[in-house]
Amino acid sequence: MTIEELIDIQEAGSRARVLGLKAHENPYLAADRMPTGDAGALGDWLARHDAWKFGWEAEDASREDRIVTHFKELISFANRRPLDA
């Protein structure tokens with residue numbers, strides 16, 4: 001999958017929010033789009049699911065004037081270290 005494809009999926013998520021769809025209406029949650037046991041397919045599906053969700057959440061945050069807080073939370077989450085074993 002290319003970066004352009006991921007950007008297109010993010011834009012689709014954003015458009016879905018503009019059109020009034022809910023986050024749980026992510027098309028990558030549809031049964032026919034779910035991965036079937038292949039680790040590569042799972043990674044591809046997860047990237048697509050997350051890209052759509054990211055676009056939807058970014059648009060949702062911008063509509064409620066929460067865009068700065070939303071991105072700070074994403075950065076904070078990405079910077080967390082896993083728990084030491």
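The preceding data block contains the structure.
Residues numbered from 1 in each chain as written. Predicted model: local features only at pLDDT ≥ 70, side-chain atom pairs only at ≥ 80, totals over all residues. Heavy atoms only, no water.

Asker: Before we move on, could you go through the side chain of Asn 26 and cite the residues and values that matter?
Answerer: The residue Asn 26 is located in the loop between α1 (3-18) and α2 (39-63) in this model. By relative accessible area, Asn 26 is classed as buried at 4%. Within polar-contact distance, the side chain of Asn 26 engages the backbone oxygen of His 49 at 3.2 Å. In this structure Asn 26 touches His 49, Trp 52 and Lys 53, once residues within four positions along its chain are discounted. (Helix = DSSP H or I, 4+ residues; strand = E, 2+ residues; numbered from the N terminus. Buried < 20%, exposed > 50% of the residue type's maximum accessible area, 1.4 Å probe, protein only. Polar contact = N/O pair within 3.5 Å; in protein donor to acceptor, adjacent residues only side chain to side chain. Contact = heavy atoms within 4.5 Å.)

Asker: Hey, could you go over a negative patch on the surface for me, with residue numbers and the actual values?
Answerer: On the surface, Glu 4, Glu 5, Asp 8 and Glu 11 cluster together into a negatively charged patch. As for its position among the elements, Glu 5 is in helix α1. Overall, the relative accessible area of 32% leaves Glu 5 in the partly exposed class. (Patch = residues over 30% accessible without salt bridge, like charges linked within 9 Å, V, L, I, M, F, W, Y side chains within 5 Å. Areas by Shrake-Rupley, 256 points an atom, 1.4 Å probe, with all protein chains shown as cover. Salt bridge = Lys/Arg side-chain N within 4 Å of Asp/Glu carboxyl O. Lys, Arg positive; Asp, Glu negative; His and termini not counted. Charge placed at Lys NZ, Arg CZ, Asp CG, Glu CD.)

Asker: Could you give me a rundown of α2, with the residues and numbers involved?
Answerer: The terminal C-alpha atoms of α2, which comprises 25 residues, lie 36 Å apart, in line with the 36 Å expected from a rise of 1.5 Å per residue. Where α2 is concerned, the buried positions are Trp 45, His 49, Ala 51, Trp 52, Gly 55, Trp 56, Ala 58, Glu 59, Asp 60 and Ala 61. The N-cap of α2, judged by a side-chain oxygen 2.8 Å from the amide nitrogen of Gly 40 a few residues on, is Asp 38. (Expected span 1.5 Å × (residues − 1).)

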